[in-house]
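Listed below, chain by chain, are the residues.
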Amino acid sequence: MCGIVGAISPNNVVPLLVEGLKRLEYRGYDSAGVAVLADDHIHRVRRVGRVVEMENAAIAEKLTGNIGIGHTRWATHGGVTEPNAHPHVSEDELAIVHNGIIENHEAQRQRLKALGYKFTSQTDTEVIAHLVHHYFKQHADLFKATQQAVRELTGAYAIAVISLKQPDTLICARVGCPLLIGLGEGENFIASDVSAVLSATRRVIFLEEGDVAEIKRDSIQIVDAIGAAVTRKVHVSDVSLASLELGPYNHFMQKEIHEQPKALSDTIEQVLDAGFRPELFGEDAEDVFAKVNAVQILACGTSFYAGSVARYWVEAISGLPCSVEVASEYRYRDAVANPNALIVTISQSGETLDTMEALKYAKSLGHDLTLSICNVQESAIPRASRLVFYTRAGAEIGVASTKAFTTQLIALFTLAVTLAKRTGRLKVEKEVEYIEALRHLPGSVQHALNLEPQIKSWAERFSNKEHALFLGRGVHYPIALEGALKLKEISYIHAEAYPAGELKHGPLALVDEKMPVVVIAPNDALLEKVKSNMQEVRARGGELFVFADLDSHFSESDGVHVIRTPRHVGVLSPVLHAIPVQMLAYHAALQKGTDVDKPRNLAKSVTVE
Ligand code: G6P
């Protein structure tokens, strides 16, 4: 949430800052701003709305400078207004951008007001600006002043600071929110994620919890949380610029839906190469898996639904008990810890605060067997976990997760089968069957993508609906949940999902001819039960939109529309059925004219509570 970029260079940094903010816009997009130092002044441009509006204003004002910071905001403290947009300035001398939430901002605000500081925004960030300024007056050293100021903050932050009094220095610090330094030749950069600096450099240093860094054109100094000088490893990013471009597509979500055959085969490739072996999850995995007698999955949003599918797989395939819980709930409950449970956190970004805090909480309860399933190398959650499986989805920019979800399913399926090998539940013929299922999946997904014209025509019928119901059973119930989430988050149509067996315990009361009911109905063991549930809907006038596979043997009839995915793909059927529900949501959103990649009020990366 919120994106930060900064640069110090012999050249004008404004184009890089603006370009970087456009790349970071998926993190938050209600307002944007940049501040540069030039002619002994702080020049600042801020605008409510998208980065492009701020860019136009910066061009009109001919903004230039050799050092600057920029920010794209997802409002937490204070409404979406220009005074609340970052950068914030203290005493016309110092500018700051911030990602995160300062929990003790009110106490600090009172203290700083008493010291004579005037506040012009409702943000918690302005507190940091004045606090750093206050200590800068005492130290005359921006690095030291920032170190002292952040010691007095509680909460989560990534910040970047510049000052007129030290115009050759960019300071940054982080706790709980991601921040990296990009290393150039005679110039250096900072950013919330590598996409923002990739056009300038691939060499990056990921700051660690509590780090504060002083960045000049030719040097970098980093101190850790206790102020000791540290050296952090330099990574060479393998994120491709092409993966951050739209190419021939209209939206990143559309692009990412269509990238799934490749994302899946890239992720599956590592499994096919290694087989269902613990090493896939890290060097230590053999030892860890040997101790595991249960699995506890923690995640948020779409990742939580991936975990919900996995619960069916883990129990059915490995025989180990498996629970799945929303991370924001788990972290605040008096959970009973089983130290032999494998804690599995799932996070596309690897930086979702609630998931990170749930992991920390699990560790505090004595859990030592931890695995992260993540799509972003070197992000915080995998770094805090003993084992990691990186999905190979490539950069996911659309706020609504698609290819990250289906590749997470591959990771989780692989985990279930690998654990089954350990528990002795995996028969050789099943192992062969699972390998074959993985091998054929990308091709089946490609076939499912070809259903797009039919799904688009369904979506046209959804655009004037206010509500929709999704039904599924067993391992496809979480796919119904995911379908409903997708539809509501990008088309703003209210959608709910139920296990079809629950229909008559409440939701059936909502069904009439105005209620479209989407059913996930592949040919699995529960198909006949689902068919009975569908009769219950039809008897009440509800219109059915059924995603079946070729083996389900459904025929269209009045009020019953059927789209058939390819032949039943067995145990991996939930992955295949994720595709049509993604396309349905995408096309319904297009019909409604919403901003598909940046739905209102949401953000891709949720680094606040
Ligand atoms: C946000 C995103 C969702 C995502 C969820 C969890 O809500 O909009 O698409 O599923 O965060 O994110 P994570 O990065 O932890 O998977």
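**Observations concerning the nonpolar core**
Okay, so step 1: Counting 92 residues, the largest nonpolar core has Trp313, Leu342, Val344 and Phe470 as the members making the most contacts within it.
Okay, so step 2: Lining this core are residues from two domains, each supplying at least three of them: domain 2 (252-444) and domain 3 (452-592).
Okay, so step 3: Setting aside residues up to four positions removed in sequence, Phe470 forms contacts with Ala480, Gly483, Ala484, Leu487, Ala495, Glu496, Ala497, Tyr498, Val518, Val581 and Leu584.
Okay, so step 4: Core analysis: the next-biggest nonpolar cluster, separate from the first, contains 31 residues, Val5, Leu24, Ala196 and Leu244 among them.

**Details of the pairing of strand S18 (residues 341-347)**
Okay, so step 1: Buried residues dominate S18, accounting for seven of its seven residues.
Okay, so step 2: Taking every second residue as pointing to the same face, both faces of S18 are buried, with Ala341, Ile343, Thr345 and Ser347 on one and Leu342, Val344 and Ile346 on the other.
Okay, so step 3: With six bridges connecting them, strand S16 (residues 294-299) and S18 associate as parallel partners. Its bridge partner being in S18, Gln296 is matched across the sheet by Ile343.

**A look at the side chain of Thr352**
Okay, so step 1: Here Thr352 is to be found in the loop between S18 and helix H11 (353-364).
Okay, so step 2: Once residues within four sequence positions are removed from consideration, Thr352 is found in contact with Cys300, Ser347, Ile381 and Val606.

**Things to note about the sheet that holds strand S17 (residues 322-326)**
Okay, so step 1: Strands sit in the order S17-S16-S18-S19-S20 across an open sheet of five strands; the sheet is parallel. At either margin of the open sheet sits one strand with a lone partner, and together these are S17 and strand S20 (387-390). The average angle at which neighbouring strand axes cross in this sheet is 20 degrees, direction not considered.
Okay, so step 2: As paired elements, S16 and S17 share five bridges and run parallel to each other. Each residue of the ladder has a partner; that of Ile297, found in S17, is Val324.

**Some points on the domain arrangement of the protein**
Okay, so step 1: You can read the domains of the protein as domain 1 (3-244), domain 2 (252-444) and domain 3 (452-592).
Okay, so step 2: Opposite the 14 residues of domain 1 that make contact, domain 2 presents 11 residues.
Okay, so step 3: At the boundary of domain 1 with domain 2, total buried surface from both sides reaches about 1000 Å², with 53% on carbon and sulfur atoms.
Okay, so step 4: It is Tyr26, Ser243 and Leu244 that lose the most area in domain 1 upon contact with domain 2, and together they represent 38% of the buried surface on that side.
Okay, so step 5: At the boundary of domain 1 and domain 2, one finds one salt bridge.
Okay, so step 6: Among the salt bridges present, the one from Glu351 reaches Arg27, with a minimum N-O distance of 2.5 Å.
Okay, so step 7: On inspection of domain 1 and its partner domain 2, the count reaches two residue pairs in polar contact (both at pLDDT 80 or more).

**Some remarks on the pattern of salt bridges**
Okay, so step 1: All chains considered together, the criterion is met by 34 salt bridges.
Okay, so step 2: The closest approach of N and O atoms between Arg111 and Glu152, which form a salt bridge, is 2.7 Å. With a gap of 41 residues between them, Arg111 in helix H3 (residues 105-114) and Glu152 in the loop between helix H5 (142-151) and strand S7 (155-163) connect regions that are remote in the sequence.
Okay, so step 3: A residue is classified by how much of its surface remains accessible, and Arg111, at 30% relative accessible area, is partly exposed.
Okay, so step 4: A salt bridge links Lys255 to Glu259, with the shortest nitrogen-to-oxygen separation between them at 3.3 Å.
Okay, so step 5: Residue class for Lys255 comes out buried when judged on its relative accessible area of 6%.
Okay, so step 6: A relative accessible area of 22% means that Glu259 is categorised as partly exposed.
Okay, so step 7: Each of Arg27, Asp193 and Glu351 takes part in one network of salt bridges that share partners.

**Structural notes on the site of the ligand**
Okay, so step 1: Within the structure, the ligand sits among 13 residues, and Ser303, Ser347, Gln348, Ser349 and Thr352 are positioned closest to it.
Okay, so step 2: Between Ser347 and the ligand, the recorded distance is 2.6 Å, taken from a side-chain N or O atom to an oxygen atom.
Okay, so step 3: In the environment of the ligand, an oxygen atom lies 3.2 Å from a nitrogen or oxygen atom belonging to the backbone of Ala603.
Okay, so step 4: Protein coverage of the free-state accessible area of the ligand, which is 390 Å², stands at 89%.
Okay, so step 5: Considering each element in turn, the shell around the ligand owes the most residues, three residues, to helix H9 (residues 301-318).

**Here's the deal with the environment of Thr154**
Okay, so step 1: Within the secondary structure, Thr154 sits in the loop between H5 and S7.
Okay, so step 2: Looking at Thr154, the relative accessible area reads 40%, which means it is partly exposed.
Okay, so step 3: In this structure, the C-alpha to C-alpha distance between Thr154 and Glu103, residues 51 residues apart in sequence, is 5.5 Å.
Okay, so step 4: In contact with Thr154, other than residues within four places in its own chain, are Ile101, Ile102, Glu103 and Asn104.

**Structural notes on H5**
Okay, so step 1: In terms of burial, H5 is a largely internal element, seven of the 10 residues being buried.
Okay, so step 2: Along H5, the positions that sit buried rather than exposed are Leu142, Phe143, Ala145, Thr146, Gln147, Ala149 and Val150.
Okay, so step 3: The secondary structure elements touched by the buried residues of H5 are strand S6 (94-102), helix H4 (125-139), S7, strand S8 (170-175), strand S12 (212-215) and strand S13 (220-223).

**A short note on helix H1 (residues 14-24)**
Okay, so step 1: Most of H1 is tucked away: eight of the 11 residues are buried.
Okay, so step 2: Turning to H1, its buried residues number three or more, namely Val14, Leu16, Leu17, Val18, Gly20, Leu21, Arg23 and Leu24.
Okay, so step 3: Next to the buried residues of H1 lie strand S1 (3-8), strand S2 (31-38), helix H2 (51-60), strand S4 (67-73) and strand S10 (188-191).

**A few points about the state of the cysteines**
Joining two cysteines, a disulfide is a covalent bond between their sulfur atoms.
Okay, so step 1: Per the stated rule, a full pass over the model turns up zero disulfides.
Okay, so step 2: As a non-bridged cysteine, Cys322 has Cys300 as the owner of its nearest cysteine sulfur, 16 Å distant.
Okay, so step 3: For Cys322, a relative accessible area of 5% gives the class buried.

**A word on the environment of Ser121**
Okay, so step 1: Examined against the element boundaries, Ser121 turns out to sit in the loop between H3 and H4.
Okay, so step 2: The exposure class assigned to Ser121 is buried, which follows from its relative accessible area of 8%.
Okay, so step 3: Separated by 471 residues in sequence, Ser121 and Lys592 have C-alpha atoms that sit 35 Å apart.
Okay, so step 4: Once residues lying within four places of it in the same chain are set aside, the contact partners of Ser121 are Pro83, Asn84, His88, Arg109 and Glu126.
Okay, so step 5: In this structure the side chain of Ser121 is engaged in a polar contact, spanning 2.8 Å, whose partner is the side chain of Thr123.

**Looking at the packing of aromatic side chains**
Okay, so step 1: Inspection of the entire model under this criterion finds 10 aromatic pairs.
Okay, so step 2: Plain terms: the ring middles of Tyr330 and Tyr361 are 5.4 Å apart, the flat faces sit at 65 degrees to each other, and that makes the pair edge-to-face. Here Tyr361 lies in helix H11 and Tyr330 lies in helix H10 (residues 327-330), a separation of 31 residues in the sequence.
Okay, so step 3: Taking relative accessible area as the criterion, Tyr361 reaches 18% and is therefore assigned buried.

About the criteria used
The written sequence of each chain sets the order in which its residues are numbered from 1. Confidence filtering applies because this is a predicted model: local features only for residues at pLDDT of at least 70, side-chain atom pairs given and counted only at 80 or more, and all residues used for totals across whole chains, interfaces and linings. Water and hydrogen atoms play no part in the side-chain values, which are based on all heavy atoms of the structure. Nonpolar cores are built from buried Ala, Val, Leu, Ile, Met, Phe, Trp, Tyr and Cys residues. Side-chain atoms within 4.5 Å join them into one set. Note on exposure labels: buried denotes an accessible area under 20% of the residue type's maximum, exposed denotes more than 50%, and partly exposed covers the range between, all computed with a 1.4 Å probe on protein chains only. A domain assignment, automatic or from a database, supplies the domain bounds used here. In this analysis, two residues are considered to be in contact whenever any of their non-hydrogen atoms come within 4.5 Å of each other. Runs of H or I in DSSP of at least four residues are treated as helices and runs of E of at least two as strands, each being numbered from the N terminus. A pair of strands is labelled paired if DSSP reports no fewer than 2 bridges between them. Between the N-to-C directions of two axes lies an angle of 0 to 180 degrees, each axis being a line fitted to C-alpha atoms and, for a helix, fitted only over the stretch in contact. Accessible area, probed at 1.4 Å, shrinks when two parts are joined; the buried area is that loss added up over both. Here a salt bridge means any side-chain nitrogen of Lys or Arg lying within 4 Å of a carboxyl oxygen belonging to Asp or Glu. Two N or O atoms form a polar contact when they lie within 3.5 Å of each other; inside protein one atom must be a possible hydrogen donor and the other a possible acceptor, and for residues adjacent in sequence the pair counts only when both atoms belong to side chains. Nearness of a residue to a molecule or strand requires only that one of the residue's heavy atoms be within 4 Å of it. Only the protein chains shown count as covering a residue, and every accessible area follows the Shrake-Rupley method with a 1.4 Å probe. For this text, the term disulfide refers to a pair of cysteine sulfurs within 2.5 Å. A pair of aromatic rings is counted whenever rings of Phe, Tyr or Trp (Trp by its six-membered ring) have centres within 6.5 Å, and the orientation is called stacked for planes under 30 degrees apart, edge-to-face for over 60 and tilted otherwise.

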